[in-house]
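Working through the structure, step by step
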Amino acid sequence: MSIHLEVNGRAERVEAPPETRLLWVLREELKLEGTKYGCGAGQCGACTVHLDGERMFSCQIPISEVKGRAITTIEGLSKDRGHPLQLAWIAEQVPQCGYCQSGQIMSAAALLAAKPRPSRQEIVDHMSANLCRCGTYPKIVRAIERVSKGAGS
Amino acid sequence: MKQTTDPTASGLNRRGFMIGAAGLSLAVLPTLNACSSMQRAAPVSGPGATLPGPAQKLNAYVSIGKDDYVYILSPATEMGQGSLTALPLIVAEEMDADWDKVVIVPAPASDAIYGNPGFGNIQYTAGSMAVQGYYLPLRHFGAQVRQVLLSNAARRWNVPLAQLKTEPGCVVHSDSGRRLSYGQIAEFMELPATAPEVRSEQLKDPATFRLLGKRDVGRVDVSSKVDGSAQYSLDVQLPGMLYGVITRTPVEGARPIKVDDRAARAMSGVREIVVLPYGVGVVADKPWTAQAARESLKIEWDKSGLGWGFDSEEKIAEFSQDVRNLSKPGKPWGKVGDALAAMRNATTIVQREYRCDYAYHAQMEPLNVVASVASDGKSCEVWAGTQSQTLALTAVAQALNIPEDKVKLNVMLMGGGFGRRGNRDEEFVVDGVLLSNAVKKPVKCIWSREDDVKNGRFRPMTAHLLRAGVSNQRDIVAWQHRMASDNLMPFVDPIRYKQFRNTDVLAIIGTELRTYDVADRIAEHLPQDTGIRTAPLRGIGVGPNTFAMECFVDELAAELKEDPLELRLRLLHKAPRAQRVLREVAQLAGYGKPRTMTGLGLSYLNYNGTELGVAAEISVAEDGSIKVHDIWATIDCGLPVQPENVIAQSSGSIVYGLGLALYERITIKNGAVVQSNFYDYRIPRMRDMPEIHCSVIATPNAPTGVGQMTTPLVAPAIASAFFDLKKRRLRHIPFTRERVLEALRAPAHPA
């Protein structure tokens, strides 16, 4: 079936069964590979995107449910990696293998969009949806607080 | 500077010869007219980066463009550990390159040219041996390049070589104020027939380093990892590419004997069902079609393979029986003196047992590969994230029965490795090659997370018996460590296993006493041929073995009524660097300060020359769950090549060790893995984090590894803290709630 999607401000049309998960359509049809496959079970957050500004596990959501809603992927978060969180991620040298980091940044961006000054505990609660096997968590907290506390980048 | 490696060791001579034989490896490149100005302003580094201009076959590390860009090949692969930056940085330091003008290009597969001297000269990125193994050869190579640049400038200006010096990216003649950039020299450079000789004393004084040991030199791969542009093999797209999945046998060695694929073949978009010796593959137009088709397969397996009926919970008791049976000798390791005789003469013998369950790597990127076999089947291009370029190349060539020079390997970033991507058979790479060969089209072969868990190759299960003989002077005079584990090296790499004279080095390593001074000592391996799939896992044998040994030292201290820190310092009386990391970590953690609600424990390790101390502060909830509040680590890895990354790696290794200590556990029933995904294989989340405090102690020694060094220390430090708080012992990792509650039911150790 043919489905119209709005991804990073662009209208897209894809052919796929309605139950197909958004992740695979983004990655393999629209070639937006920054969003990662990690578990397919809503457990790791590597596939996190924004749906109407809220974070969502794209590996869980069927494309039939995203019609007419604004999807943002890491590629659409900023031009030239200029989002304050991306700058903070570079300044803090957060990534190691890097595979989870698109999801981490999208997750953090949704948090700060809803709550620009979260407490440490709120950051930890929110970001615990995203796994990082390299264990970059302490640097992720520092990068988010660099933005939320206005320390600049 | 004290060098721990002899610069005239075989690795360097071999390279020197290679350089000479090739008429010097310095390739002069044309200017980058072909590149757009934007590319020139910000050249891409890392996987995906290629040498510019007409194809130049390089056979070593450095090329210089006439526009001053310096291309440095990185022999290691990148899985998050930072070698992609650190190794070229070493070359850049010695040749005095302008780091802002360095482009890092992944080296092609070649053991002869790029093999790791610290890893049997295989081009293998593992064991935290990249910086340690390549450090001296790369410094010498960088110095040779600098030497060639200097002598060319001297010739051009007709001045004595001794009057010249280098500054980043240029040669300077101070007397006349003349300067030539490396790119300008490249315009007229003449190359000597053989590489210039560089003696160790001609290398830079580390005190003058501009790049190594500096906190502000970042990793080259960071930018691409914050905007989704970093390329892993899963991200590769090719025209006409199909998608493959494989259902693998649950037990290694079993074969599919009956396959009902009627439903799968009837699905629209299914291209081929491929019966393999070890499984059944599906190739389809779309990834979701391949997955759906594979779920409809009905497969019957034969009963080949040893693992059928295997039950890990029963089997570990047999492992323990084996280590307890002192009349059965194991394969000796790290034997010094006569431990058994010394044991007989000892006043007291202390004996304890420990166990470790199977553990899973859980790298965030499930295994995958993209392969494209030519229509005649006689050549192949592969995009893979592998810990060994050359093993992957060989595995692909053998799978297709074609010469290795007919295989083109594109080295991709890895979404985590941790030892999972380096077994000699490179099975996840071969998967895609076989599927592509069946359809003669490009195939992206993807393991689901469930595939990655169920077909995991695990850290072996282990049982340990530790025995120590104590003299009437309270000295430890004899040490015996008997360890039973699944076969590791025979499965991982049968060739290297033979080279090591059938010693399972990967499993037994770490049982030797490197720094604890016990005169008579022996370790014994009792290998168990279980047929279970295994792989090195961050810390290899050092992980389980250090857990057992450090717990045992703690228990010995209790038996001797001595403080565990004091006992360790006493055993380390010949190792001042070791004493220092321990003293400093104890001080940072406030060791000895009275605590009521928490316990504090210590652990120590010399891991391939890196000295490490770890302290953990914990509390225990009524339900048996352990909360780790703080972890401190001190790391003396000699010169910290990238200090910020030393801390990042050590901190990440602690997080990894935390999961292994507290909850990560694979169980096997009837030969098959019970767990499936992150909902039943728990790994640490942000909310599980203690405060982590890493302290790097820079010492004037050649750099040693940092990628996995703190992982083994976490579990014993927690066990020690548990004893401090509860006066009871935890002797089996992971410390699940059930095990903690069971330990708490045991009588407390007498104060």
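Predicted, not measured: the structure shown is a model, and the values here were computed from it. (Residues numbered from 1 in each chain as written. Chains lettered and ligands numbered in written order. Predicted model: local features only at pLDDT ≥ 70, side-chain atom pairs only at ≥ 80, totals over all residues.)

A few points about the overall build of chain B
- A tally of regular secondary structure across chain B gives 22 helices and 28 strands.
- In summary, chain B has a C-alpha radius of gyration of 27 Å against a globular reference of 27 Å for 751 residues, a match within 12%.
- Taking the principal axes of its C-alpha atoms as reference, chain B extends roughly 80 × 75 × 45 Å.
- With 751 residues in all, chain B has 56% of them scored as buried.
- The contacts in chain B between residues at least 6 apart in sequence include a share of 76% that link residues at least 24 apart. (Helix = DSSP H or I, 4+ residues; strand = E, 2+ residues; numbered from the N terminus. Rg over C-alpha atoms; globule rule 2.2 N^0.38 Å. Buried ≥ 20, exposed ≤ 12 C-beta atoms within 10 Å, placed from the backbone. Contact = placed C-beta atoms within 7 Å.)

Regarding the sheet that holds strand 19 (residues 462–470) of chain B
All names here are of chain B.
- One open sheet accounts for six strands, arranged 13-21-20-19-14-28; its pairing is mixed. Two strands bound the open sheet, and with one partner strand each, they are strand 13 (331–336) and strand 28 (732–733).
- Across four bridges, the pairing between strand 13 and strand 21 (residues 520–528) is antiparallel. Each residue of the ladder has a partner; that of Trp333, found in strand 21, is Ala523. (Pairing = 2+ DSSP bridges.)

A few points about the sheet that holds strand 24 (residues 626–636) of chain B
All names here are of chain B.
- On the basis of which strands lie adjacent, the open sheet formed by four strands has the order 22-23-24-27 and mixed pairing. What marks the edges here is a single partner per strand, and that holds for strand 22 (599–607) and strand 27 (691–696). On average, each strand axis in the sheet is inclined to that of its neighbour by 15 degrees, with strand direction left out of account.
- Strand direction decides the pairing type here: strand 22 and strand 23 (residues 610–620), joined by nine bridges, are antiparallel. Paired with Tyr604 across the two strands is Gly613, which belongs to strand 23.
- Strands in contact with helix 19 (residues 576–588) are strand 22, strand 23, strand 24 and strand 27; relative to strand 23, the strand with the most contacts, it is inclined by about 25 degrees.
- Across the face of the sheet, helix 21 (residues 711–726) comes into contact with strand 22, strand 23 and strand 24 while running at roughly 150 degrees to strand 22. (Axes fitted to C-alpha atoms, helices over the stretch in contact; angles between N-to-C directions.)

Notes on the environment of B:Ala92
Residue and element names in this part refer to chain B.
- Within the secondary structure layout, Ala92 lies in helix 3 (residues 83–95).
- Separated by 120 residues in sequence, Ala92 and Leu212 have C-alpha atoms that sit 9.4 Å apart.
- Residues contacting Ala92, with those up to four places away along its chain left out, are Ile72, Ala97, Trp99, Val102, Gly142 and Leu211.

Things to note about the pairing of strand 5 (residues 164–167) of chain B
All names here are of chain B.
- Here four bridges tie strand 5 to strand 6 (residues 170–173), and the two strands are oriented antiparallel to one another. Bridging across to strand 6, Thr166 finds its partner in Val171.
- Taking the residues that link successive antiparallel strands as the turn, the strand 5-strand 6 hairpin has two residues, and the phi of Gly169 there is positive, at about 85 degrees.

Re the packing of helix 20 (residues 643–662) of chain B against helix 21 of chain B
Residues and elements named next belong to chain B.
- Look at helix 20 against helix 21: their axes get within 7 Å of each other, and the N-to-C directions meet at 50 degrees. It follows that helix 20 is oblique to helix 21 by the angle criterion. By crossing handedness, the relation of helix 20 to helix 21 is classed as right-handed. For the pair helix 20 and helix 21, the contacting residues are Ser653, Ile654, Tyr656, Gly657, Leu658, Leu660 and Ala661 in the first and Thr711, Pro712, Leu713, Val714, Ala715 and Ile718 in the second.
- When the residues that make up the contact of helix 20 with helix 21 are grouped by side-chain class, the tally is ten nonpolar, three polar and no charged. (Parallel < 35°, antiparallel > 145°, perpendicular 65-115°, else oblique. Left-handed = near helix turned anticlockwise from the far one by under 90°. Nonpolar A, V, L, I, M, F, W, Y, C, P; charged D, E, K, R; others polar.)

A look at the interface of chain B and chain A
- If you look at the interface, chain B gives 46 residues, while chain A gives 43 residues.
- Elements supplying a minimum of two residues to the side of chain B that touches chain A: helix 8 (287–295) and helix 20 of chain B.
- Here the side of chain B that touches chain A takes seven residues from helix 20 of chain B, the largest share from any one element.
- Counted by class, the side of chain B that touches chain A contains 23 nonpolar, 13 polar and ten charged residues.

Some details on the nonpolar core
Residues and elements named next belong to chain B.
- Counting residues in hydrophobic clusters, the biggest one holds 274 residues, and the most contacted among them are Val382, Val396, Val433, Val614, Ala615, Val714 and Ile718.
- If one sorts the elements of this core by residue count, helix 5 (residues 130–157) sits on top with eleven residues.
- Setting aside anything within four residues of it in sequence, one finds Ile718 in contact with Gly601, Ala616, Ile618, Ile626, Val628, Ala661 and Phe735. (Core = buried A, V, L, I, M, F, W, Y, C linked by C-beta atoms within 7 Å.)

A look at the packing of helix 3 (residues 84–91) of chain A against helix 6 (residues 137–148) of chain A
All names here are of chain A.
- Axis separation between helix 3 and helix 6 bottoms out at 9 Å; the angle between their running directions is 130 degrees. In terms of orientation, helix 3 and helix 6 fall into the oblique class. In this structure, helix 3 meets helix 6 at a crossing whose hand is right-handed. Residues Pro84, Leu85, Ala88, Trp89 and Ala91 of helix 3 form the contact with helix 6, whose participating residues are Ala143, Arg146 and Val147.
- Looking at the contact of helix 3 with helix 6 residue by residue, the classes come out as seven nonpolar, no polar and one charged.

Things to note about the domain arrangement of chain A
Residue and element names in this part refer to chain A.
- Segmentation of chain A into domains returns domain 1 (2–76) and domain 2 (84–148).
- The straight-line distance from the C-alpha centre of domain 1 to that of domain 2 is 21 Å.
- Taken residue by residue, the interface counts 15 residues in domain 1 and twelve residues in domain 2.
- Top element by residues in the side of domain 1 that touches domain 2 is strand 3 (residues 48–51). It accounts for three residues.
- Residue composition of the side of domain 1 that touches domain 2, by class: five nonpolar, seven polar and three charged. (Domains from an automatic or database assignment.)

Some details on the confidence of the model for chain B
Residue and element names in this part refer to chain B.
- Per-chain confidence: chain B averages 92 in pLDDT, with 92% of residues scoring 70 or above.
- In this model, residues 1–42 is a region of pLDDT below 50 whose contacts with residues beyond four sequence positions or in other chains number 76 contacts.
- For the stretch residues 53–59, pLDDT sits under 50, and the model shows 17 contacts to residues farther than four places along the chain or on other chains.
- Model confidence for the complex: the whole-complex pTM is 0.94, and ipTM, which rates the interface, is 0.98. (pLDDT = per-residue confidence, 0-100.)

Here we look at the domain arrangement of chain B
Residue and element names in this part refer to chain B.
- Domain annotation of chain B identifies domain 1 (10–220), domain 2 (233–305 + 367–446) and domain 3 (312–358 + 458–745).
- Averaged C-alpha coordinates put domain 1 and domain 3 at centres separated by 40 Å.
- On the domain 3 side, the residues contacting the 19 residues of domain 1 number 21 residues.
- When residues of the side of domain 1 that touches domain 3 are traced back to their parent elements, those giving at least two are helix 3 and helix 5.
- Top element by residues in the side of domain 1 that touches domain 3 is helix 3. It accounts for four residues.
- Its residues assigned to classes, the side of domain 1 that touches domain 3 comprises ten nonpolar, seven polar and two charged.

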